[in-house]
Amino acid sequence: MDDGKNISGAQQKRSCAYCGRTGLTREHLFPRGFFDRTGGTAEYAANIKAGAADKILSIEPTIADVCGNCNNGVLSQLDSYFLALFDRYFINVVVSGEQIDLDFNFDELLRWLLKMGYNMGRARQWDGTQNLAACKEYIRFGEPRPGNITVLLQATAPGLIRGQQRTEFPPEVFTVNAMRIPGIIENFAFVLHVGIRCYQFYILFNLPEVNGSERHRRVRGFQRIFRGAYEICPSRPVMKIYPSSITLWDLLNGPLWNAGTAQHVRHYFRQGLHSRQR
């Protein structure tokens, strides 16, 4: 969504990353309404590229290569759809053993997830961003739907922070990551992770030469590592899912993030937890 600041000078010579027009504005990498709903940004973190390093920042980062038409049009509409889902589902803390009933529009959800990945990929200069760029028309218009993508959803209870006092991990985290896990990434062209509090979405870009039973085998291998990740698809807009045996805290200490990023996240949230207990 446009923050009201137009881009001037040399940057105006650049064109919109979605449609090629000029007249660029600043697009929020995370929906503005998300921060409004969560009472600010102080206890939320995102793995954002800051200079040469990846750091955990409690700010509302933007990117400056989206035109006003796209920013305030289709991209804003997709953010509005996400916020409706957030109000209905994602704001709730997942409880182990509960049944979660989901009702969603597959294309609206996938377009928003891809939009988040494409924006973050450009901001962080990811390797593999070309896979997301290939989905620009789908993000803007809803068609054609990419045929090489598998979408998984995993519900994760917060889990307990290990230490002298076992305290429930605060699930106030919103992450958008390119997954580069050895032993997994070799099986796919690209893997995008979007984590919204207790809900983890994995968008698997299947290799073009891999089809049929081999594609199925590779997806099942991913699900064996990220247990409790359900495949979502257009034919099942209403789903019943159950939380994974893996908690959000487990993911932080497991393969999802590299050790340096996990250390930043753990320190960040321990600081937030201490400030709340004062």
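Thresholds applied
- Residues numbered from 1 in each chain as written.
- Predicted model: local features only at pLDDT ≥ 70, side-chain atom pairs only at ≥ 80, totals over all residues.
- Heavy atoms only, no water.
- Core = buried A, V, L, I, M, F, W, Y, C linked by side-chain atoms within 4.5 Å.
- Buried < 20%, exposed > 50% of the residue type's maximum accessible area, 1.4 Å probe, protein only.
- Helix = DSSP H or I, 4+ residues; strand = E, 2+ residues; numbered from the N terminus.
- Contact = heavy atoms within 4.5 Å.
- Salt bridge = Lys/Arg side-chain N within 4 Å of Asp/Glu carboxyl O.

1. Brief notes about the nonpolar core
Phase 1: Membership of the largest hydrophobic core comes to 60 residues, with the highest contact counts inside it found for L114, F174, F201 and I203.
Phase 2: Residue contributions to this core peak at 10 residues, all from helix α3 (residues 74-90).
Phase 3: Sequence-distant contacts of L114, that is, excluding residues within four places in its chain, are made with L132, C135, Y138, I139, I149, I203 and F205.
Phase 4: In this structure, I161, V191, Y202 and W249 belong to the second largest nonpolar core, which totals 20 residues.

2. Comments concerning the pattern of salt bridges
Phase 1: Here the structure, examined in full by the defined rule, presents 10 salt bridges.
Phase 2: Across the pair E108 and R111 runs a salt bridge, and its minimum N-O distance is 2.8 Å. Taken together, the residues span about one helical turn, with E108 and R111 both in helix α4 (residues 106-124) at a distance of three residues.
Phase 3: R111 sits in the buried class, given a relative accessible area of 9%.
Phase 4: Its salt-bridge partner being E137, residue R140 comes within 3.5 Å of it at the nearest N-O pair. Of the two residues, R140 and E137 both sit in helix α6 (residues 136-141), three residues apart, roughly one turn of that helix.

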